[in-house]
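Architecture at a glance
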Amino acid sequence: MISPWKTPSGMSRRHFMNHLAGSSAAASAALTMGGAIAANAEEMRRNRKSAIMLWMGGGPPTIDMWDLKPGAPTGGPFQPISTTGDMQICEHLPMVAKQMHNLSIVRSMSTREADHNRGRYYMHTGFVPNPNIEHPSYGAVVAHELMSQRPELEIPPFVTIGGASAGPGFLGMAWSPFAVTSSGRIRNLDMKLDGLRLRQRMAALQEIESGFANRTRDLPAGEHGKVLKKTFDLMTSSQMEAFRVEKEDEKTKERYGTNGFGQGCLLARRLVEGGVPFIEVDLGGWDLHNNVHQTLADTKLPQLDKAMSALVEDLEQRGLLQDTAIIWMGEFGRTPRINQNAGRDHWARSWSCVVGGAGIQGGLAVGETSSDGTAVVSEPFSSEDLMATVCKGLGIGLDTTFMSKNRRPMKIANGGKLISELVA
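Residues numbered from 1 in each chain as written. Predicted model: local features only at pLDDT ≥ 70, side-chain atom pairs only at ≥ 80, totals over all residues. Heavy atoms only, no water.

- Per an unreviewed UniProt entry, the protein goes by Sulfatase and derives from Stieleria neptunia.

Here it is in structure tokens:
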């Protein structure tokens, strides 16, 4: 698995080529759907589902954001404000408050992993870490299940922006995250050649490759040739325009926020429009053991407020929200107790996530915690339950079962139960 704390500055051409080795296999699989897809292409485009995960690396203090406890010793200084949904949230999220009719808060998340790496793995996969098996992440699962609906897609089906995300596990390289910066930069991909020279060079390379493949007659040589062709097709694809976030007008860029997370959310919207099934946008820096409330008020919440509200509003205005799931979460919450450094520590027992779009009911606060936030007092929900609910919204069957490399059947979302209030 890719290190969860690695923040790439862009993808190298070598990494890009390796990724496409899998993508070419994915494309082949998709093409086997044949005439049925072609006959229903227009209908599929109308019902094309996608998901955007807003990943809050470090464990955000959800008690200060989505489930405030004003007046309690654990509550901190922030006050709740009304929203367009049936709940209140933090006063430092005023623009998100105007979009809460589209989003719901799951306030009774209760999980088992309060370590960064283990929590990250669990929330990304629905499985606790196991040294004997590597489970596929949300992005890999969703891309795997939805890719057959869009045989026209030439760009990768799982894109992660500003962070490394989690890997494809036993689903294989075809479903690896394709990492780019918030500006959509793919390092070294632009070869600075005009179309004619690029085609001439590729033709010469293919001639060499063909001779080599004919001499060796083995599978890797032939597959390498396919990868080269896929790479060339992608480099010259008009769909690469989706990554060029700089082409957005200045007013739109400003609406999202001219920082990495804001531009990453804007890029995510462009990729949804381009047909990418799963996009993850990383906003790290939530490991707030010190000065939690000052940091939230001064930097983290204003940054989140602007970008997240712009994304939801923009998707709705473009008619995309009904088919695009939004998932906001980190690896766990933070302690109700405020420590001696005016911070909050790791806490997985009672915390919140936010979901919406793609038919998931908005405007609700599901579940309840105690008056001081230290315990869940309603039905608890897990990573598996949240993932199952999102899959339901995306039209992915919960009876789907994968086969691991050691031939063990694995139910999608680890057999999690639906959060019934959020699904029809």
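Continuing now.
1. Digging into the packing of helix α10 (residues 260–273) against helix α11 (residues 292–317)
- Packing of α10 against α11 brings their axes to within 9 Å, and their N-to-C directions diverge by 15°. Taken together, the axes of α10 and α11 are roughly parallel relative to one another. Handedness of the crossing formed by α10 with α11: right-handed. In this structure, α10 uses F261, G262, C265 and R269 to contact α11, whose residues at the interface are Q303, L304, A307, L311, D314 and L315.
- Residue composition of the contact of α10 with α11, by class: six nonpolar, two polar and two charged. (Axes fitted to C-alpha atoms, helices over the stretch in contact; angles between N-to-C directions. Helix = DSSP H or I, 4+ residues; strand = E, 2+ residues; numbered from the N terminus. Parallel < 35°, antiparallel > 145°, perpendicular 65-115°, else oblique. Left-handed = near helix turned anticlockwise from the far one by under 90°. Contact = heavy atoms within 4.5 Å. Nonpolar A, V, L, I, M, F, W, Y, C, P; charged D, E, K, R; others polar.)

2. Quick notes on the packing of aromatic side chains
- Counting across every chain of the model gives four aromatic pairs.
- Ring geometry for Y138 versus F278: centroids 6.3 Å apart, planes at 25°, classification stacked. Within this pair, whereas Y138 is found in helix α6 (residues 138–146), its partner F278 is found in strand β7 (residues 278–282), the two being separated by 140 residues in sequence.
- Residue class for Y138 comes out buried when judged on its relative accessible area of 1%.
- Residue class for F278 comes out buried when judged on its relative accessible area of 0%.
- Three or more aromatic residues joined by ring pairs form one cluster here, namely Y138, F158 and F278.
- Across from the ring centre of W286, 5.2 Å away, lies the NZ or CZ of K300, which sits over that ring. (Phe/Tyr/Trp six-rings, centres within 6.5 Å; stacked < 30°, edge-to-face > 60°. Buried < 20%, exposed > 50% of the residue type's maximum accessible area, 1.4 Å probe, protein only. Lys NZ or Arg CZ within 6 Å of the ring centre and 35° of its normal.)

3. Notes on the pairing of strand β8 (residues 324–329)
- For β8, the tally of buried residues reaches six of six residues, placing the bulk of the element in the interior.
- Across the two faces of β8 the burial is the same, with T324, I326 and W328 and A325, I327 and M329 all buried.
- Pairing of strand β1 (residues 50–55) with β8, which is carried by six bridges, proceeds in the parallel orientation. Each residue of the ladder has a partner; that of W55, found in β8, is M329.
- Both β8 and strand β11 (residues 351–356) contribute to a ladder of three bridges, which runs antiparallel. Pairing of I326 across the sheet is with G356, part of β11. (Pairing = 2+ DSSP bridges.)

4. Points about the environment of M410
- Locating M410 in the fold gives a position in strand β14 (residues 409–411).
- Residues M410 and H135, 275 residues apart in the sequence, show an inter-C-alpha distance of 9.1 Å.
- Apart from the residues within four sequence positions on either side, M410 is in contact with F127, I133, H135, F170, T400, T401, F402 and S404.

5. Re the confidence of the model for the protein
- Chain-level pLDDT for the protein is 86 on average; 81% of the residues reach the 70-or-more range.
- Note that pLDDT drops below 50 for residues 1–13; the model gives that stretch 37 contacts with residues more than four away or on any other chain.
- Below pLDDT 50 for its whole length, residues 21–41 participates in 16 contacts with residues either more than four positions away or in separate chains. (pLDDT = per-residue confidence, 0-100.)

6. Quick word on the pattern of salt bridges
- Counted by the stated rule, this structure contains 22 salt bridges.
- In this structure, the salt-bridge partner of E248 is R269, at a minimum N-O distance of 3.2 Å. Of this pair, E248 sits in the loop between α8 (219–235) and α9 (250–256) while R269 sits in helix α10, and the two are 21 residues apart along the sequence.
- The buried category is assigned to E248, whose relative accessible area is 11%.
- Taking the shortest distance from any N to any O, the salt bridge between E254 and K306 comes out at 2.7 Å. (Salt bridge = Lys/Arg side-chain N within 4 Å of Asp/Glu carboxyl O.)

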